[in-house]
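# Fold and geometry: a report
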Amino acid sequence: MKNVELATSIKSQFSTQDTINSGELVKYIAGIFPDLSKSTIAWKINQLKSEKYIFQSGRGIYTFNFKPDFQPELALKSKRIYNKFKSFANSDIVIWDTAMLDIILDCTSLKKSIFLLLQKEELNAVFEQAQVLSKPVFLEPSAEIIQRYILPQNETIILSNLISETPLQNCGDYLVPTIEGVLVNAWLISESFLEPLNYSIETIYKKAFKKYNVNKNKLLRYAARRDQRKEIEQLIQSVNND
């Protein structure tokens, strides 16, 4: 059986599923080729992947629908802010901004916020040095500070603690969260920050999963690190069932 025929057979077998886990896939291929060893079946699955008949969307998760990885493009203004804060900090800085949410949503918002994530021990020192800047800078603001002082601003810079195990990627010379990190971070500020700016967290998740290759396992691991696994898992289920 040629790989294209095998792929067609697999797609027909799992036509009602958006994804297939590795156990299901191995069992089905073993049923077609009972004499194949597990290592040969694994090699055959790799062939299907390399020939782009199936795509891996997470650890042990496969799909027939290709979705690109999220590749954010930082605005020039965000890059300048990042470079300025690099001179204040001794360790790596991670940056993300609301423009990334606009990319996911295919929209443009008038108000912009830049989030800089730093090692906890550097936060206060960097915040003090940042007071020389003309733009307002906030250090881990409370919901009340967000409502009173941040939401009325058109542009703000917010400093937060960089949590270990945050999923990261390089964006040129800049370190940014992966889409899984962006989605969890967005959830954490959705009620106090995003909703008053007319961002819908449900729409953000729905569009992200529809447009991009989102590794659900990675997302939930980071959600668990932020003590939000149950809530975010429920959100994912609700938007996928709509």
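Everything below is about the structure shown above.
All of the points below concern the structure found in this document. Here the structure is a predicted model, which means the values were calculated and not measured.

What follows concerns the layout of surface pockets. By volume, the largest pocket is sized at about 830 Å³. Together, 29 residues line the largest pocket, and Asp-18, Thr-19, Ser-57, Lys-67 and Phe-209 are the ones closest to its centre. Broken down by class, the residue content of the lining of the largest pocket amounts to 10 nonpolar, 10 polar and 9 charged. Estimates place the volume of the second largest pocket at around 350 Å³. What lines the second largest pocket is a set of 18 residues, among which Phe-115, Ser-160, Leu-188, Ile-189 and Arg-226 lie closest to the centre. In terms of residue class, the lining of the second largest pocket is built from 11 nonpolar, 5 polar and 2 charged.

Time to look at the packing of aromatic side chains. Applying the stated criterion across every chain yields a total of 6 aromatic pairs. Relative to Tyr-212, the ring of Phe-70 lies with its centre 5.0 Å away and its plane at 75°, an arrangement referred to as edge-to-face. Of this pair, Phe-70 sits in the loop between strand E3 (61-63) and helix H4 (76-86) while Tyr-212 sits in the loop between helix H10 (201-211) and helix H11 (216-225); the two residues are 142 residues apart in sequence, bridging distant segments of the chain. Judged by its relative accessible area of 11%, Tyr-212 is buried. Ring geometry for Tyr-82 against Tyr-174: centres 4.9 Å apart, planes inclined by 80°, an arrangement best described as edge-to-face. Taken as a pair, Tyr-82 in helix H4 and Tyr-174 in strand E9 (residues 174-177) lie far apart in primary sequence, 92 residues in all.

Turning to helix H3 (residues 38-50), a few remarks are in order. End to end, H3 covers 18 Å across 13 residues, agreeing with the expected 18 Å (1.5 Å per residue, within 8%). Those residues of H3 that sit buried are Ile-41, Lys-44, Ile-45, Gln-47 and Leu-48. Taken end-on, H3 shows its buried residues confined to a sector of 155°, consistent with a single buried face. In H3, the exposed residues that point more than 90 degrees away from the buried face are Ser-39 and Ser-50. Phi for Lys-52, located one or two positions after H3, is positive at around 65°.

What follows concerns empty space enclosed by the protein. Unoccupied space between atoms shows up once a probe the size of one water molecule is rolled over them. By the definition in use, this model includes 1 cavity of 30 Å³ or more. Every residue lining the largest cavity is listed: Lys-111, Lys-112, Ser-113, Ile-150, Leu-151, Gln-153, Asn-154, Glu-155, Thr-156, Phe-193 and Leu-197. Put simply, the parts of the chain that give the lining of the largest cavity at least two residues each are strand E5 (112-118) and strand E7 (155-161). Of the residues belonging to the lining of the largest cavity, the class tally is 4 nonpolar, 4 polar and 3 charged.

What counts as what
Residues numbered from 1 in each chain as written. Predicted model: local features only at pLDDT ≥ 70, side-chain atom pairs only at ≥ 80, totals over all residues. Heavy atoms only, no water. 1 Å grid on protein atoms, 1.4 Å probe; cavity = no way out; pocket = protein on both sides within 12 Å on 5 of 7 lines; lining within 4 Å. Points joined across faces, edges and corners; volume = space filled by probe spheres on them. Nonpolar A, V, L, I, M, F, W, Y, C, P; charged D, E, K, R; others polar. Phe/Tyr/Trp six-rings, centres within 6.5 Å; stacked < 30°, edge-to-face > 60°. Helix = DSSP H or I, 4+ residues; strand = E, 2+ residues; numbered from the N terminus. Buried < 20%, exposed > 50% of the residue type's maximum accessible area, 1.4 Å probe, protein only. Expected span 1.5 Å × (residues − 1). Arc of directions from axis to C-beta.

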